[in-house]
Each structure stands twice: as C-alpha cells, then as structure tokens.
Amino acid sequence: MSLFEVKGWNLKADKIAVGGANPNDKKKSQKKERKEKKRTLESEKTVDVKASDSQRSRDTKPTEEKSRKKKKIERVASDDSTLEDKHSKVKDHEKTASKPHPSKSDQFITKEPASERKLTPLQQKMMAKLSGSRFRWINEQLYTTSSENALKLVQEQPALFDEYHEGFRSQVQSWPENPVDVFVQQFEARTAKPVNAPGGLPGLPDKSIVVADMGCGEAQLALDIQNFVKKHNSKNQKKKGGKQHGDRNGPAKSLNVTVHSFDLKKANDRITVADIKNVPLPDESCSIVVFCLALMGTNFLDFVEEAYRILAPNGELWIAEIKSRFTESTNAKTRNAEDVGSEFVESLKLLGFFHKKTDNENKMFTRFEFFKPSKEIIAQRKAKLEKKKKFIEQETKREELESKRKERAEGEWLLKPCIYKRR
C-alpha cells in the first residue's frame, strides 16, 4: 500500500489532487462524463432505430415487391386486352370495308338465296341457251358412240344423264304428242280384250304381261302402266259376276303386269342400270319390248337382237323414232307415208321379226309394231320361201346386212343420228 493510499479509494479512477486540487477540473470531468454517457445512449438508440427500420423494411419489402409485380401484371394484361380489342376492331373494320355498301334502294330489298332469286328475262334467256347447248352436246355424244362407250361415259360423269333428260323434257314440251303417252294409251286400250286374245295384249303362257322398257329414261312408262293396272284391278274386284266388257271370250281378269326398265343410270328405284344390248333377263321372259326414242347408239341393231332374245314367241316389239332419222324421209321422190322407214323395217325382218304396223300419223315421230313369230310360223314361212325359191335369197340378204354392219355401223347409214343444229 502506498503512503497516500487510503483503503476504498481508487486513485486511478478518481484523480483527486492532494493538498489543494482545482474544483473546476472536477466539474469539467463530470460534465464530460455526462456528455459521453449521453452520446453513448443516443448512439445506442440510433442503432436500435436503424435495426428496427431494417427489420421493418425486410418485412415489408416482399409485400411491396408483390404489390409492384401484381400492378405490373395487371398493367400488361390491360395492355394486351387493349391490343386484342384494337386488333378485333381493325378486323371488323376490314370486313366491313370489304363488303360493298348497299345502295339506298338495296336497303329495302329482302336478301334471298341465289338459288331462289328470280332471274331477269335476259338472264333466263342466257341460261336457257347454255343448258340447250349442253343438252345438244350430250345428245350428240349418245348418238355417235356405241352403247358400251355411252355407259362408261355416264358412269364416269353421272350428271350428264340428268342434264340430258332435263333438256329432253324441255324438248318434249314443244311436241304435239309424247310417244310415251301414246304407248300407255295403246296399252290401256288393249286391256279391253283378254290377254293373248286377238286385239288383246300379248302375254306369257300363264297370261302374265312382262314389259321391258329399253332406254327408259326416267321410267315414266313403268310408272304410268303400274298406276293404270292398280286402278283397273281395283275396279275389277268391285264388280261381281257378269261379263265385264261384254266380250264373247268372257270378262277380263285382273291384270298381272311387270315392267322392267333399263337405262345408263339409276335415276330412281324403277330403273336397272344396263347396256341395252345385254340386259339381265332370261331368254323368252318378256311379252312386250319397248324402244321409245331409245335406238341411240351406233350399234342399235344389237338392241333389236337383244329384244328378239328376251321376247317369248308371239311377243311384240314397239318402237317410236323421230321421223327425221329415216333416210327415206329426206328423199323428195318419196311421198308415200308407208315408205318412211321401209329400209329400217326390212332390216328388222332380216333379224327375224315380222312387221305388223307402221304409224305415221304423228308429225314428229313414227311408230312401228313387230312381233316375234312362233316356231310353227317360222316353219311355215320357211316352207313358203323354199317353194318360191326365195329362201336362199332371204339368207343372202341377211348375210349382206351383217357384212355391211361390220364395214360401217348402222348408226351411220340405217338411222341417221338425231343431232340438233348448233346456234
């Protein structure tokens, strides 16, 4: 222990002057200490405040960042929707601009589909010319080619068939008489007599009537005959006893009629598609074969031979053709109506048919009736020709016909093609 050290005193900390120290120094020292303590406290507060601010900024920073991102996304979406609206508005404007602005008069006109709009007289005339030209072209193709090629043509372009028959209907409207109607009237009139009786319709041995309509078009003949037969049979069933027609052979019974219709296209369910030189029917299965303006191919005698095959003995062949097709009709020296179609008739007789009738009463077309002779009639005819020494002559003519057909198709010399003049 030092000489001046007193127990409990800290001479290092408390610098007390021994023997007369200055009291102002002590005050200054205390004042200085208070200032330092104050600074220390203030610095500690500052540190605490900064720490709390930093913590608070750390806590609020994610929230603010999220808020800023959300606002940015909303602003971008708003901009995108604005762009889409602008694009849609531009497209709508372009569509509107591309459409012609209606005139004041058009605004009061009800818009109709093009198919239902009425054509002006000039447009109708132009359309008629176009369809007429198309019909004439198709008609020429069918008359100047073989039936086999015609079938291929229609199979490849089915619309040709419809166009042709649409044009054909227009042509028929200007005719004084439709040959289909004439054949139907003939059929109806001959039902007044019993089947297979003189003047009656030809039938098969069971009295059924089987008709083959070759080149039937839209099978109008089949429809009209079927409708007539329904009415006829209905009336017949209502009548009880007595002679229905007053015929000496007794009353006509209900008719049993079947109609086969053949053409290049199946326009409806009544039609069977076939080349009419080879139809899907058995030999001697028909009692009537009809060619109503149907000898169109260059090989039309093949159609006639097919008719002979499917006809039963005593079966009939009915033909109607445009008069201008017969070579005799253009001959100024030929004035006898019976001479029209004479070469055609002779050709069919060489193919085995017997000629019954030629009807030239109509101004537009000529009708022919032939029948297929039975074996008995053929034998009688052969004996008659041999007696007159004409049988060999007949056979020679038949050979000449076949030879001529090989050199040139009969569509080039026997029946002229029905080709309409170009306009």
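Residues numbered from 1 in each chain as written. Predicted model: local features only at pLDDT ≥ 70, side-chain atom pairs only at ≥ 80, totals over all residues. Heavy atoms only, no water.

### Looking at the packing of aromatic side chains
Okay, step 1: Applying the stated rule across the entire model yields 12 aromatic pairs.
Okay, step 2: Taken together, a centroid distance of 5.8 Å and an interplanar angle of 20 degrees make the contact between F183 and W318 stacked. One end of the pair, F183, is in helix α5 (residues 179–190); the other, W318, is in strand β5 (residues 311–322), and 135 residues separate them in sequence.
Okay, step 3: On the basis of relative accessible area, F183 is assigned to the buried category, the value being 1%.
Okay, step 4: With centroids separated by 5.4 Å and ring planes inclined at 70 degrees, the aromatic side chains of F354 and F371 adopt a geometry described as edge-to-face. Pair noted here: F354 is in strand β6 (residues 354–359) and F371 is in strand β7 (residues 365–371), with a separation of 17 residues, a long-range link. Accessibility classification places F354 together with F371 in one group, the buried group.
Okay, step 5: In this structure an aromatic cluster arises from ring pairing among Y308, F326, F344, F353, F368 and F370.
Okay, step 6: Sitting over the face of the ring of F300, R325 holds its NZ or CZ atom 6.0 Å from the ring centroid. (Phe/Tyr/Trp six-rings, centres within 6.5 Å; stacked < 30°, edge-to-face > 60°. Helix = DSSP H or I, 4+ residues; strand = E, 2+ residues; numbered from the N terminus. Buried < 20%, exposed > 50% of the residue type's maximum accessible area, 1.4 Å probe, protein only. Lys NZ or Arg CZ within 6 Å of the ring centre and 35° of its normal.)

### Describing the confidence of the model for the protein
Okay, step 1: Per-residue confidence for the protein averages 78 on the pLDDT scale, and 65% of its residues sit at or above 70.
Okay, step 2: Confidence over residues 1–6 falls short of pLDDT 50; this stretch has 1 contact with residues more than four positions distant or in other chains.
Okay, step 3: When the criterion is pLDDT under 50, residues 103–116 qualifies, and its contacts beyond four places in sequence or with other chains add up to 2 contacts. (pLDDT = per-residue confidence, 0-100. Contact = heavy atoms within 4.5 Å.)

### Brief notes about the nonpolar core
Okay, step 1: By size, the foremost hydrophobic cluster in this structure holds 43 residues, and its most contacted members are F187, I209, V257 and V290.
Okay, step 2: The residues contacting V290, other than those within four sequence positions of it, are F183, V211, A212, D213, M214, L221 and W318.
Okay, step 3: Of all hydrophobic cores here, the second largest spans 38 residues; its members include L204, F300, I319 and L350. (Core = buried A, V, L, I, M, F, W, Y, C linked by side-chain atoms within 4.5 Å.)

### Some remarks on the UniProt feature "coiled-coil region" (unreviewed entry) in the protein
Okay, step 1: On the UniProt side, "coiled-coil region" (unreviewed entry) is annotated at positions that read residues 375–412 here.
Okay, step 2: Each end of residues 375–412 is marked by a C-alpha atom, and these two atoms are 33 Å apart; helix forms 79% of the span and strand 0%. (UniProt positions renumbered as here; feature names shortened; annotations may be inferred.)

### Remarks on the side chain of R190
Okay, step 1: If you trace the backbone, R190 turns up in helix α5.
Okay, step 2: Of note is the side chain of R190, whose polar atom sits 2.9 Å from the backbone oxygen of G200.
Okay, step 3: Of the polar contacts made by the side chain of R190, one reaches the side chain of E316; its length is 2.8 Å.
Okay, step 4: With residues up to four places along the chain from it excluded, the contact list for R190 reads G199, G200, L201, P202, E316, W318, K356 and E369. (Polar contact = N/O pair within 3.5 Å; in protein donor to acceptor, adjacent residues only side chain to side chain.)

### Notes on the sheet that holds β6
One key point about sheets: their strands pair by backbone hydrogen bonds, in either a parallel or an antiparallel sense.
Okay, step 1: Within the open sheet, the 7 strands sit side by side as β3-β2-β1-β4-β5-β7-β6. Their pairing is mixed. A single partner strand is all that each edge strand has here, and the edge strands are β3 (271–273) and β6. Averaged over all pairs of adjacent strands, the angle between their axes in this sheet comes to 20 degrees, without regard to strand direction.
Okay, step 2: One ladder, built from 5 bridges, connects β6 with β7; its direction is antiparallel. When the bridges of β7 are listed, T358 appears paired with F368.
Okay, step 3: Packed onto the sheet, α5 meets β1 (209–214), β2 (257–263), β4 (286–292), β5, β6 and β7 and runs at close to 145 degrees relative to β5.
Okay, step 4: Those strands touched by helix α8 (residues 342–350) are β5, β6 and β7, and its axis lies near 20 degrees from that of β7. (Pairing = 2+ DSSP bridges. Axes fitted to C-alpha atoms, helices over the stretch in contact; angles between N-to-C directions.)

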